[in-house]
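Here is what each chain is made of, one letter per residue.
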Amino acid sequence: MDKRLLDILCCPVSKTPVRPLTAHELDALNRAIEAGQVVNVAGGAVQGRLIEGLITVDRKVIYRIEDGIPVMLPEEGIGTTQFTDFPAAA
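Rules behind the numbers
Every chain is numbered on its own, with residues counted from 1 as its sequence reads. This being a predicted model, a pLDDT of at least 70 is required before a residue's local features are given, and a value of 80 or more before pairs of side-chain atoms are given or counted; all residues contribute to the totals for chains, interfaces and linings. Side-chain measures here rest on the full set of heavy atoms in the structure, leaving out hydrogens and waters. We count a stretch as a helix when DSSP gives it H or I for four or more residues in a row; a strand needs E for two or more, and each element gets its number in order from the N terminus. Based on C-alpha atoms, the radius of gyration is set beside the globule rule, defined as 2.2 Å times the residue count to the power 0.38. Only protein chains enter the accessibility calculation, which uses a 1.4 Å probe; a residue whose area is less than 20% of its type maximum is buried, one above 50% is exposed, and one in between is partly exposed. For every accessible area listed, the method is Shrake-Rupley and the probe measures 1.4 Å; residues are considered covered only by the protein chains on display. His is not counted, nor are the chain ends; Lys and Arg add positive charge and Asp and Glu add negative charge. The atoms used to mark charge sites are NZ of Lys, CZ of Arg, CG of Asp and CD of Glu. In the analysis that follows, any N or O atom pair within 3.5 Å is treated as a polar contact, provided that within protein one partner can donate a hydrogen and the other can accept it, and provided that, for residues neighboring in sequence, both atoms belong to side chains. Here a residue-residue contact requires only that any non-hydrogen atoms of the pair lie within 4.5 Å.

Student: Please set out the overall build of the protein residue by residue, giving values where relevant.
Tutor: The helix and strand tally for the protein stands at 2 helices and 5 strands. Element order for the protein, N to C, with α for helix and β for strand: α-β-α-β-β-β-β. The C-alpha atoms of the protein give 12 Å as radius of gyration, which agrees with the globular expectation for 90 residues (12 Å, within 12%). Summarising its shape, the C-alpha atoms of the protein cover approximately 35 × 30 × 25 Å along the three principal directions. Looking at the protein as a whole, 39% of its 90 residues are labelled buried. With the model as given, the accessible surface of the protein reaches about 5400 Å², and the carbon-plus-sulfur share is 55%. Across the protein, 9 positive and 12 negative side-chain charges occur, with their mean positions spaced 5 Å apart.

Student: Got a sec to walk through the side chain of Thr16? Specific residues and values, please.
Tutor: Here Thr16 shows up in the loop between α1 (3-8) and β1 (18-20). A distance of 2.8 Å separates polar atoms of two side chains, one belonging to Thr16 and the other to Ser14. Apart from the residues within four sequence positions on either side, Thr16 is in contact with Cys10, Cys11, Thr56, Val57 and Asp58.

Right, here's the structure in full:
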């Protein structure tokens, strides 16, 4: 993702800056998605692996990236509090 775009993106609700998910975080998220254990903020089941994603720097919300475009809709966010074993910050 373009560094200039990352510098201006933030969570649409909290205005917290975002950063790309690490490979370790992405793997953990995709394992949980495949197990059917992930819902978005709107309560809908998240289906389909993420190739890329952004996470707020406070590690509370994840947003997917589809075809290089960040999906920063509040209802599409994935809260990290639903994960009991989400990887610690590196």
